[in-house]
Amino acid sequence: MNPHLPHATHIAVRDGHILGVGTADDIDGWQEAWGPLTLNTDFAERSLLPGFIEGHSHMMEGMFWDYHYVGYYDREGPDGTVWPGLKSIDEVVGKLKEIQAARKDKDTPLIAWGFDPIYFTDRRMNAADLDSVATNCSVIVLHASLHILNANNFVMEAADVKSSDNSEFIRRDESGQATGEFLGQLGYYMAMRTTGINLLAIASSPETLVNFANVARQTGVTTATDLVNPIPAGSEHAMREAVDAEDFPMRLVVAFQGNTMEPTEGVARMQELQASNSDKLRFSLVKMVADGSIQGFSARLKWPHYYNGAPNGLWYIEPERLGDYLKAFTEAGIQVHVHTNGDECTEVALDKIEEALRAHPWPDHRHTLQHCQMATRAHFKRMKALGVGVNLFSNHLYYWGDAHINITMGPERAARLDDAGGALAEGVPLAIHSDAPVTALAPLFTAWCAVNRLSSGGVTLGNGTQNISVKEALYAITMGAAYSLKMENEIGSLEAGKRADIAILAEDPIDVGAEGLKDISVIGTMVGGHVHLNQGREG
Amino acid sequence: MPQIPLTIISGFLGTGKTSLLTHLLTQAGPENGGRRITAMVNDFGALNIDAELIAAKHGNQISLANGCVCCSIGDDLMRSFMEVMQQTPLPDHIIIEASGVAEPSRIAGFAAVDRQLRLDSIVTLVDASAHNVHSKDPYLADNYAKQIEAAHLLLISKPDLADAATLENLEKELATQKPDVPMAQVTHGALPINLVLGLNGDHEIPQPQEIIDHGFVQWAGHLNDMPRAALIAKLEKLRPHVLRAKGVLQDGEGGYVLHLAGGLITTAPYAGEASGHFVIIGKPQMPDAAALERIFRQNEAA
C-alpha cells in the first residue's frame, strides 16, 4: 500500500518497526549502519500484506465465546476451533441438546448466540424447542442481530411473563401465548434479571480481550477497534495491563461512548484517557450512536421509509443533543465517529457536523460516519465537502442483502446499500467493516463483500457502479481504516519507519482475484515485530 | 412480594419533564405517605433540587434527605435499570425520565417481564407553547406522536406561555387522538404527587388537601364485595375525567388492589385483609360526590 513501492521481495524489521522494504540488495544496504540482518525464509512463498485493520468491531465478540455459537455459518473461535454452521432449527436444537448433555453443571443458565432466523423461513423457534433442551434451567438463544432472543419456559416463568401484558416486544401466537421470542432491550432485560448474568457486560476483562484479539488475529488483523465502550473510571488500567503485554497479539483502539456523560465531562474524560495512550492501546476517538439498525427496523429512513410499511425507526439520541456533543468534541479537537444506518439519520448527522464545524472550524477533523449504509451520492458529496469519512458495513450485503431487497429497502434502494463505489467516486475516505460480533470478523471476507456485492441468496446488489476493485478493497481494510483512526502515519502500509504489522497470507490476493478473496488462508500475523502463527494452516 | 410501581415520564426535550420530576421528589416525604422513590434521569445537570434536600451526592447519584434517590441513566437505560433493581432495600416507586426521543412503550415493556415490577403509568408532557413546532418537526414528528399515543396521562405544560385559542385547540386535538386519556395542565412541574404517582399505602389512603388546591376533585368511600369486572366497567364509563383511582378491595375471587392511572387500569391479587378503601381523583367534570356515591354503591355485593 506504499504508492512508491507497491511490490517488493524483502522486508527488514528492527525494534518493532520496518527498517526497509525492497530487493535483497536494497535491504543489504541497511547492514552497514544497523549491523547484520538475519534472512528468514519461512514465509518466502507467502504473500505479506500490511496487517489488516478492523475499523468497526466490538470486544463483545471476545465475551460471546464464553457462550455457545449456533449461527448459520461456520465460525472460528478464539482457539482456532471451527464451529460448524447449523442449517435448520432442528440442527440448532440438536446442538443445544448435545451441549446440555455434556455440561457438568446442568442447572446453570445455558446461553447460545449467533442464531439467525432469517434463513429459516418455514417456522420460528419457540419455547417448546428450547424446553426440549432443558426444563430445569434457563435456556437463552441470542440472535445474530443482537436485537432479539429466544427463551424457554423456565425463563418466562421466572420473569412472570403474563398473558395480559400486550407489549409489542413479546411475540405471541394466535392464542395470545408468548412464543418465547423477545424483541429489543426487553428480552435482554428479562434474560439478565432472571439469570443474573450480565450479557452485555462492559468488556474489559483480560480473558475477553485475549479472546477478541485471537479471533481477530486469525483473520490477519493487527489492529482492531472496540467501537463503543463507556470506559468506566479505572477500567482503562485493566485494559492496558492486558493489551500492553508483549504476547498480546494486536493493537486496540477503544472508542469512548460519548453519551455516557455530559459533553464537557466527556471532553475531560477523553483528555485524561488520551494522555495514557500507549503503542498498542489507544483511546483516540468518541463514538455517538444516532439510530438503530435496518434489519431491526430501527434505522431512521427518509420517506418513503420501510419497503414493507413498517413504521420509521428510532432515534437513539435527540438530534439537538447529538449536535451539542459534536460541538463540544469538535471544539476540543476530539474526533467523533457517528453511527448512522438510515439515510435520514445520515442527513441529520451531517447537519450537526456542519453546525459544529461552523462554530469551531477544524481542518482535518476526520469525523466519520459508521455503517452509513443508505447514504446517497448526494450524502457522499456533502461528506467530501465537509471532510467527513465513511466506514461502510459491507458484510451486510452478504448476510442481509436479500432481506434488504425483499423486506426493508426494496430492490431499488437496496442497490445502493453500502455503496463503496459511490463513496470512492465522490472522493470520500473509505473503510469497510464487520461490526463483529454482529457478523464474523474477517477483513478479507469484508473486502470480498465490497468487491462482489453478492447476497447469501446469490443475488448481486446494484448495477456494478457500487462495486470496488480488489486493490481498492485491500486499501480500505488497511490504509483506509488506518486513516479513519488517524493512524495512517504509523500503520496501514509496509514502508520504512512504520510499525512492523504484517498479515501473512498463503496467496497474493491480487493474483487470486475477486472471487476467491474470502478463501485465502491466513498463515499468521506480525505485530510490532512479533510473529503470531495460526495453528495448522497451509496454503 | 409487592410489585414496585413504575412511572415513565415522557416528552420532548424541554417540555418540563425535569421540573415535574423535581416537584415529585420534593413531595415524597411523610406528609404524602412517605415513599422512597428512585428516579432515573437523562440530563443530570438539569436537575434543580433544593440544596437543603440533598443528603449526599456522589458520582452519578444524588440521595435526598427524604429517602429518594436520583441517578443518571448515562449511556444505557437497561444497565441503570439493572442496578436499581439490585438495590437493597428496593425502592417504593421507580420513575424513569425518558429521553426526548425515547419510545415510552419500549421502556414500559421492562415491567412486563419482571415479576417485581408493575407498570403504573406512562405520563407524557406536551408543551403548549411548542406543540405546533414539535408536531411538525421534520425528523421527530412521528416520535412525538408515539409519545402521545403511549400516554396514560397527558400533561399540558407551559399553559401560561400559550394563548387561550392555542390551548383550546391543543386540548381538542389531544382529546380526539386519545379520547380515553385524561389531560391536566401543569405549570413549572407543580402537580400533586398522589395524582401523578398514585395513592400510597394499602390501608389508609390519604386525602390530601393539595388535590383540591390544584382544582381536582376527590371522592372516597368504603366498598364491600365489589366485583372487579363491574368496578372496571364503571371506571371506564367515567373516562376521561378520572385521573387516579385506587382501591384495596374484596370480591368473590378474593382480595385485590385496583389502580387506575389515567387510561390504564390494573388489578393485582391482594394477600392481606382488604380494607375496602376506595379513592377516586378526577377533574371537575367528573360526576359529583352524590352521583359517584350512587354509581359505586350500585351492584356492590352483586
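Preceding this section is the structure that the text describes.
In this convention, every chain numbers its residues from 1, walking through the sequence in written order. Chain letters and ligand numbers both follow the written order, the letters beginning at A and the numbers at 1. With the structure being a predicted model, the display of local features is reserved for residues of pLDDT at least 70 and the display and counting of side-chain atom pairs for 80 or more, all residues being used for whole-chain, interface and lining totals. As a convention, hydrogens and water are excluded, and side-chain values are obtained from all of the structure's heavy atoms.

A. Representation of the overall build of chain B. Per the convention used, a helix needs a DSSP run of H or I reaching at least four residues, while a strand needs a run of E reaching at least two, with both numbered from the N terminus. Across its full length, chain B holds 10 helices and 14 strands. Rg of the C-alpha trace for chain B: 19 Å, near the compact-globule value of 19 Å for 302 residues, within the 12% margin. With the C-alpha coordinates aligned to their principal axes, the bounding extent of chain B is approximately 50 × 50 × 35 Å. All accessible-area figures derive from a Shrake-Rupley calculation using a 1.4 Å probe, and residue coverage is judged against the displayed protein chains alone. On chain B, roughly 11900 Å² of surface is accessible, and the fraction owed to carbon and sulfur atoms is 52%. The positive charge centre, built from 22 side chains, and the negative charge centre, built from 34, are 4 Å apart in chain B. Using C-alpha atoms as the atom set, the radius of gyration is obtained and then compared with a globule rule of 2.2 Å times the number of residues to the power 0.38. None of His or the chain ends enter the tally, which takes Lys and Arg as positive and Asp and Glu as negative. Positions of charges follow a simple convention, taking NZ of Lys, CZ of Arg, CG of Asp or CD of Glu.

B. Quick peek at empty space enclosed by the protein. Residues and elements named next belong to chain A. Whether a set of points on the 1 Å grid over the protein atoms alone is a cavity depends on a 1.4 Å probe fitting there but being unable to get out, while an open set qualifies as a pocket with protein on both sides within 12 Å along at least five of seven lines; lining residues are those with an atom within 4 Å of a point. Grid points are joined across faces, edges and corners, and a volume is the space filled by probe spheres set on the points. Under the criterion given, the structure shown has two cavities of 30 Å³ or more. Volume-wise, the largest cavity comes out at about 120 Å³. Contributing to the lining of the largest cavity are 13 residues, with Tyr-69, Tyr-73, Arg-75, Ala-144 and Tyr-399 lying nearest its centre. Note that Gly is not counted as nonpolar here; it falls among the polar residues with everything else outside the nonpolar set of Ala, Val, Leu, Ile, Met, Phe, Trp, Tyr, Cys and Pro and the charged set of Asp, Glu, Lys and Arg. For the lining of the largest cavity, a count of residues per class yields eight nonpolar, three polar and two charged. The residues that make up the lining of the largest cavity include at least three from each of domain 1 (66–195) and domain 2 (206–527). Of the volumes computed, that of the second largest cavity is approximately 50 Å³. Around the second largest cavity, the lining residues are Arg-366, Thr-368, Gly-389, Val-390, Pro-429, Leu-430, Ala-431, Gly-480, Tyr-483 and Ser-484. Residue ranges for the domains trace back to a domain assignment, done automatically or taken from a database.

C. Looking closely at the pattern of salt bridges. Residue and element names in this part refer to chain A. Salt bridges, as used here, are contacts in which a Lys or Arg side-chain nitrogen is within 4 Å of a carboxyl oxygen on Asp or Glu. A complete count under the given rule lists 41 salt bridges over all chains for this structure. Glu-344 is the partner of Arg-300 in a salt bridge, and the nearest nitrogen-oxygen pair spans 2.8 Å. Here Glu-344 lies in helix H12 (residues 343–359) and Arg-300 lies in the loop between strand E15 (281–289) and helix H11 (319–331), a separation of 44 residues in the sequence. Exposure remark for Glu-344: the relative accessible area of 6% places this residue in the buried category. Think of it in three bands: residues with accessible area under 20% of the maximum for their type are buried, residues over 50% are exposed, and the middle band is partly exposed, with areas taken using a 1.4 Å probe on protein chains only.

D. Representation of the environment of Glu-426 of chain A in the model. Considering the arrangement of structural elements, one finds Glu-426 of chain A in the loop between helix H17 (420–425) and strand E19 (430–432). Along the backbone, Glu-426 of chain A and Arg-382 of chain A are 44 residues apart, and their C-alpha atoms lie at a distance of 9.2 Å.

E. Broad picture of the sheet that holds strand E14 (residues 251–257) of chain A. All names here are of chain A. In this description, strands pair whenever DSSP reports at least two bridges between them. The eight strands are arranged E4-E13-E14-E15-E16-E17-E18-E19 in an open sheet whose pairing can be described as parallel. Each having just a single partner strand, strand E4 (52–54) and E19 make up the two edges of the open sheet. Each strand axis lies, on average, 25° off the axis of its neighbour in the sheet, ignoring direction. Here four bridges tie strand E16 (residues 335–340) to strand E17 (residues 368–371), and the two strands are oriented parallel to one another. When the sheet's bridge partners are listed, Val-338 is paired in E17 with Leu-369. Every residue pair with non-hydrogen atoms within 4.5 Å of one another is taken to be in contact. Fitting a line to C-alpha atoms yields each axis, with helices limited to the stretch in contact; the angle taken between N-to-C directions then spans 0 to 180 degrees. Along the sheet face, helix H8 (residues 206–217) touches strand E13 (221–229) and E14 and points at about 130° away from the line of E13. Contacts from H11 reach E15 and E16, with the element oriented near 155° to E16.

F. Representation of the packing of helix H9 (residues 228–238) of chain B against helix H10 (residues 289–297) of chain B within the structure. Residue and element names in this part refer to chain B. In the contact formed by H9 and H10, the axes pass within 10 Å of each other and the chain directions differ by 150°. Classed by the angle they form, the pair H9 and H10 counts as roughly antiparallel. Here H9 contributes Leu-231, Lys-234, Leu-235 and Leu-238 to the contact with H10, which in turn contributes Leu-292, Ile-295 and Phe-296. Among the residues forming the contact of H9 with H10, the class breakdown is six nonpolar, no polar and one charged. Any angle that is under 35 degrees is reported as roughly parallel, and any over 145 degrees as roughly antiparallel; angles of 65 to 115 degrees are reported as roughly perpendicular and all others as oblique.

G. Region of the structure containing the environment of Ile-118 of chain A. Residue and element names in this part refer to chain A. Structurally, the position occupied by Ile-118 is in the loop between strand E8 (110–115) and helix H5 (127–131). The exposure class assigned to Ile-118 is partly exposed, which follows from its relative accessible area of 33%. The residues touching Ile-118, leaving out its near neighbours within four places in the chain, are Trp-400 and Ala-403.

Shape descriptors only; they carry no functional weight alone.
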